[in-house]
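# Commentary on secondary and tertiary structure
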Amino acid sequence: MTMPPPSQEFPTVLTTKHEAPMLDSVNADPNAIDYDIVIEGGRVIDPESGLDALRNIGIVGNEIRAIATSELRGRKKIDARDLIVVPGLIDMHSHALDLAGQRLQAMDGVTTALELESGVPDVASAYAEAAQDGRLINYGYSASWAGVRMHVMAGESRNATSRQILEKLGAERWKRDAMPSERAKMRDLLENQLQGGALGIGILLGYSPYADPSEMIDVARLAQENGLPTFTHARPLVEQDPSVPVDGAREIAEIAASTGAHMHYCHINSTSNQHIDRACQVIDGAIAEGARITAESYPYGAGMTVVGAQSLHPETLSAYELEATDIIYSRTGRALSSLEELAELRRVDPGGLVFERYFDEETSPHRLSRMLSPKDWAVVSDAMPLVWNGRQDDTQWPIPARAITHPRSAGTFGRTLKLALKGSLGLTLGEAVSKCTLQPATILEATSPAMRRKGRLQVGCDADITIFDPQVVSDQATYRNTTRTSRGFSHVLVGGVLVVHEGNLQMDMRPGRPVRNSS
Ligand SMILES: [Zn+2]
């Protein structure tokens, strides 16, 4: 894990395309003011400008005001020699926006985590609650198709949390065909959310795989009319379930083409698995014809889902390349022994979380690199809320082992950077950093102006900054110790506030701000 030398090809003073920076680093003297914080001597990587060189960064308030080769005066200094300084990592797929989840993610270098795949049925409540309680890192929500459907079709709460939605995904009541009046009601509720700041529409379609395709077209059209994207957990592929009304990948391609909606393909790795090349062909073909489709993946060979999910039906399990012994019940940490045991668990605890082991990351590293190598896909965590054995206590830190999640909740970004530094992803470090910063910002910025100031290290951008030690950075969470925090992220700043300092979580800081759509 030797660190390649920083390039000397880049200019010593950066220009910026951002509007109205407080200090124009081209014309003004960056030494003329005292900065609140100066990050000194780090190897600074900005994926958008291509900067990869030793620089000092000056921060005032929540903004980057200078990036310079010369020494900067600061009230507080962070020594970043031998460390790498990158834009704060952006996770556009997290279901763990509560305090415990945000703490794990901050220790993994994340400065913005968004709940987009599930979303919530009442974004105003979610944003209000987050603002009232305070958040460690930045947050945002989509409007939840499944959550709204659960409310209209099954009488569930209008302001369910994403945790409550996940727990009910295995139930059948919300999946029945909707009458025209019910479809109209769902549409109104979703539209209200879009006008209330939601970042798009989250569509957990894979959990209702026989839903009427025309309903999906209507939902995508609604997003398009409001100038917002959709975030879809696709239906099964026909190889996995020949009885679906339409192939999962083809549906995303066709809806994007016919409605003009921006369709974001959630965790294409875990919904495609051994058929990923075929799914990519479909998507790439649609993109070449002008469809707006983006995608994401996470660096693990096991998924986590509710045991009542359609994909874990005992009769069709083998089509997903799974056997009963590949299913591990998160509450016990034990693999199931038979399809009969799986059927029983689906009956008694359909909302119970299980790991589904598709492949071993150690013995099949090529599968991992296949899922991470496309340069324009974002890296995401799909972080899951903690499941507590015994009394739930989100305030405990460190999080005790009796609280269980998927290791990706705590380790996605440490693992990605570690693999990139080892050269095992077929990506340069800059490309890997881009997939964790600039790519998600770019995917979202057309409709969420706040994202234009994130994912970059440039004058005028938000001071969301992640600093890591390339010799040390790594995930530590495993399937047995799921909440072990990543190591090597020495400093993490959210809006100019240190939430991780010298590797330690700053327990009382709440600098997280909402990310909303442009309305
Ligand atoms: Zn999903």
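Below: a short report on this structure. (Residues numbered from 1 in each chain as written. Predicted model: local features only at pLDDT ≥ 70, side-chain atom pairs only at ≥ 80, totals over all residues. Heavy atoms only, no water.)

## Examining the nonpolar core
Defined as follows: Remark: nonpolar core denotes a set of buried residues (Ala, Val, Leu, Ile, Met, Phe, Trp, Tyr, Cys) joined through side-chain atoms within 4.5 Å. For each residue, the accessible area found with a 1.4 Å probe, counting protein chains only, is set against the maximum for its type, and the residue is called buried under 20%, exposed over 50%, and partly exposed in between. Only DSSP runs of H or I reaching four residues or more are called helices, and only runs of E reaching two or more are called strands; each is numbered from the N terminus. Contacts: residue pairs with any heavy atoms within 4.5 Å of one another.
Of all hydrophobic cores here, the largest spans 128 residues; its most connected members are Tyr 141, Trp 145, Leu 169, Ile 201 and Tyr 265. The dominant element in this core, judged by the number of residues it contributes, is helix H3 (residues 145-154), at 7 residues. Discounting residues that sit within four places of it in the chain, Trp 145 has contacts with Trp 174, Leu 190, Ile 201, Gly 202, Ile 203, Leu 204, Leu 205, Ser 208, Ala 211, Glu 215, Met 216 and Val 219.

## Structural notes on helix H11 (residues 365-372)
Every α-helix carries 3.6 residues per turn, so stepping three or four residues along brings you back to the same face. Restricting attention to buried positions, one finds in H11 the residues Arg 367, Leu 368, Ser 369, Met 371 and Leu 372. The inward-facing, buried residues of H11 contact helix H8 (268-272), helix H9 (276-288), strand S12 (293-297), strand S17 (378-379), helix H12 (408-422) and helix H13 (429-436).

## A word on the sheet that holds strand S16 (residues 353-357)
For clarity, the cut-off: By the convention used here, strands pair only if DSSP detects at least 2 bridges between them.
The strand order S13-S16-S14-S15 describes an open sheet built from 4 strands, whose pairing is antiparallel. Two strands lie at the open edges of the sheet, namely strand S13 (302-306) and strand S15 (334-335), each paired on one side alone. Two elements, S13 and S16, share 5 bridges in a ladder whose sense is antiparallel. Residue Thr 305 lies in a different strand from S16, and its bridge partner there is Val 354.

## Description of the pattern of salt bridges
Let me state the cut-off plainly: What counts as a salt bridge is simple: a side-chain nitrogen of Lys or Arg found within 4 Å of a carboxyl oxygen of Asp or Glu.
Taken as a whole and judged by the stated rule, the model has 35 salt bridges. Residue Asp 52 pairs with Arg 43 through a salt bridge whose shortest N-O separation is 2.8 Å. For the pair shown, Asp 52 and Arg 43 are each scored as buried. Asp 464 is the partner of Lys 454 in a salt bridge, and the nearest nitrogen-oxygen pair spans 2.7 Å. Here the residue Lys 454 occupies a position in the loop between helix H14 (438-445) and strand S20 (465-468), and Asp 464 occupies one in the loop between H14 and S20, the gap between them amounting to 10 residues. Overall, the relative accessible area of 7% leaves Lys 454 in the buried class. In the salt-bridge network here, residues are joined through shared partners; they are Glu 63, Arg 65, Arg 453, Lys 454, Asp 462 and Asp 464.

## So, the sheet that holds strand S8 (residues 138-144)
Judged by pairing direction, the sheet is parallel, and its 8 strands sit side by side in the order S6-S7-S8-S9-S10-S11-S12-S17 without closing on themselves. Edge positions in the sheet fall to strand S6 (89-91) and S17, since each has one partner strand and no second.

## What about the pairing of strand S1 (residues 34-46)?
Summarising the sheet, S1 and strand S4 (residues 73-79) pair through 6 bridges and their orientation is parallel. Note on S4: the bridge partner recorded for Tyr 35 is Gly 74. With 8 bridges joining them, S1 and strand S2 (residues 51-60) adopt antiparallel strand pairing. Looking at S2, one finds that Val 44 is bridged to Ala 53. In this sheet, strand S5 (residues 84-87) lies alongside S1 in parallel orientation, the contact comprising 2 bridges.

## Some thoughts on the coordination of the zinc ion
Operational definition: Only N, O and S atoms count as donors, using a 2.8 Å cut-off from the metal and 3.2 Å for Na, K and Ca, and because water is excluded some sites may appear unfinished.
Within the protein, the zinc ion binds to Glu 117 (OE), His 233 (ND1) and His 267 (NE2); these donor distances fall in the range 1.8 to 2.3 Å. Written as a sequence motif, the donor arrangement for the zinc ion is E-x115-H-x33-H. Here Glu 117, found in strand S7 (residues 110-120), pairs with His 267, found in the loop between strand S11 (263-265) and H8; they are 150 residues apart in sequence, far enough to count as distant. Assigned by exposure class, Glu 117 and His 267 land together as buried.

## A few points about the packing of aromatic side chains
To be explicit about the condition: Put simply, two rings from Phe, Tyr or Trp (the six-membered ring, in Trp's case) pair if the centres are within 6.5 Å, and we call them stacked under 30 degrees between planes, edge-to-face over 60, tilted for the rest. Placement of a charge over a ring requires the Lys NZ or Arg CZ to be within 6 Å of the ring centre, with the centre-to-atom vector within 35 degrees of the ring normal.
Applying the stated rule across the entire model yields 6 aromatic pairs. Considering the side-chain rings of Tyr 127 and Tyr 139, the 6.3 Å spacing of their centres and the 40° angle between planes classify their relative orientation as tilted. In this pair, Tyr 127 is assigned in helix H2 (residues 123-133) and Tyr 139 in strand S8, connecting sequence segments 12 residues apart. Note on Tyr 127: relative accessible area 2%, which makes it buried. You can call Tyr 139 buried: its relative accessible area is 2%. Residues Tyr 139 and Tyr 141 carry aromatic rings whose centres are separated by 6.4 Å and whose planes lie at 55° to one another, so their mutual orientation is tilted. Through a chain of ring-to-ring contacts, the aromatic side chains of Tyr 127, Tyr 139 and Tyr 141 assemble into a single cluster. Taking the ring centre of Tyr 298 as reference, the NZ or CZ of Arg 408 above it sits at 4.7 Å. When the ring centre of Tyr 127 is taken as origin, the NZ or CZ atom of Arg 516, which lies over that ring, is 4.3 Å away.

## As for the pairing of strand S3 (residues 63-68)
Burial runs high along S3: 6 of the 6 residues are buried. Alignment of S2 against S3, held across 5 bridges, turns out to be antiparallel. When the bridges of S3 are listed, Ile 59 appears paired with Ile 64. The antiparallel pairing of S2 with S3 creates a hairpin that spans 2 residues between the two strands, and Gly 61 there sits at a positive phi of about 60°.

## Some words on unusual backbone geometry
Across the junction of Trp 397 and Pro 398, the peptide omega takes the value -5°, indicating a cis bond. By secondary structure assignment, the location of Pro 398 is in the loop between strand S18 (387-388) and strand S19 (403-404). For Asn 273, which is not a glycine, the phi torsion comes out positive at approximately 50°. With respect to the helices and strands, Asn 273 occurs in the loop between H8 and H9.

## Some details on the side chain of Asp 462
Within the fold, Asp 462 resides in the loop between H14 and S20. Looking at Asp 462, the relative accessible area reads 13%, which means it is buried. In contact with Asp 462, other than residues within four places in its own chain, are Asn 62, Ile 64, Ala 450, Arg 453 and Lys 454.

## Topic: the packing of helix H5 (residues 180-195) against helix H6 (residues 213-225)
What describes two packed helices is the angle between their axes and the distance between those same axes. Filter applied, for reference: A fitted line through C-alpha atoms serves as each axis, taken over the contacting stretch for helices, and the angle formed by two N-to-C directions is quoted from 0 to 180°. The cut-offs work like this: below 35 degrees is roughly parallel, past 145 is roughly antiparallel, 65 to 115 is roughly perpendicular, and the gaps in between are oblique. Should the near helix be turned anticlockwise from the far one by less than a right angle, the crossing is termed left-handed; should it be turned clockwise, right-handed.
Relative orientation of the contacting elements H5 and H6 amounts to 30°, with a least axis distance of 11 Å. Classified by the angle their axes make, H5 and H6 are roughly parallel. Relative to H6, the crossing made by H5 is right-handed. Taken together, the residues of H6 that come into contact with H5 (itself represented by Arg 183, Met 186, Arg 187, Leu 190, Glu 191 and Leu 194) are Ser 214, Glu 215, Asp 218, Val 219, Leu 222, Ala 223 and Glu 225.

## Here we look at the environment of Ala 257
With respect to the element layout, Ala 257 can be found in helix H7 (residues 248-259). Taking relative accessible area as the criterion, Ala 257 reaches 59% and is therefore assigned exposed. Along the backbone, Ala 257 and Ala 286 are 29 residues apart, and their C-alpha atoms lie at a distance of 7.0 Å.

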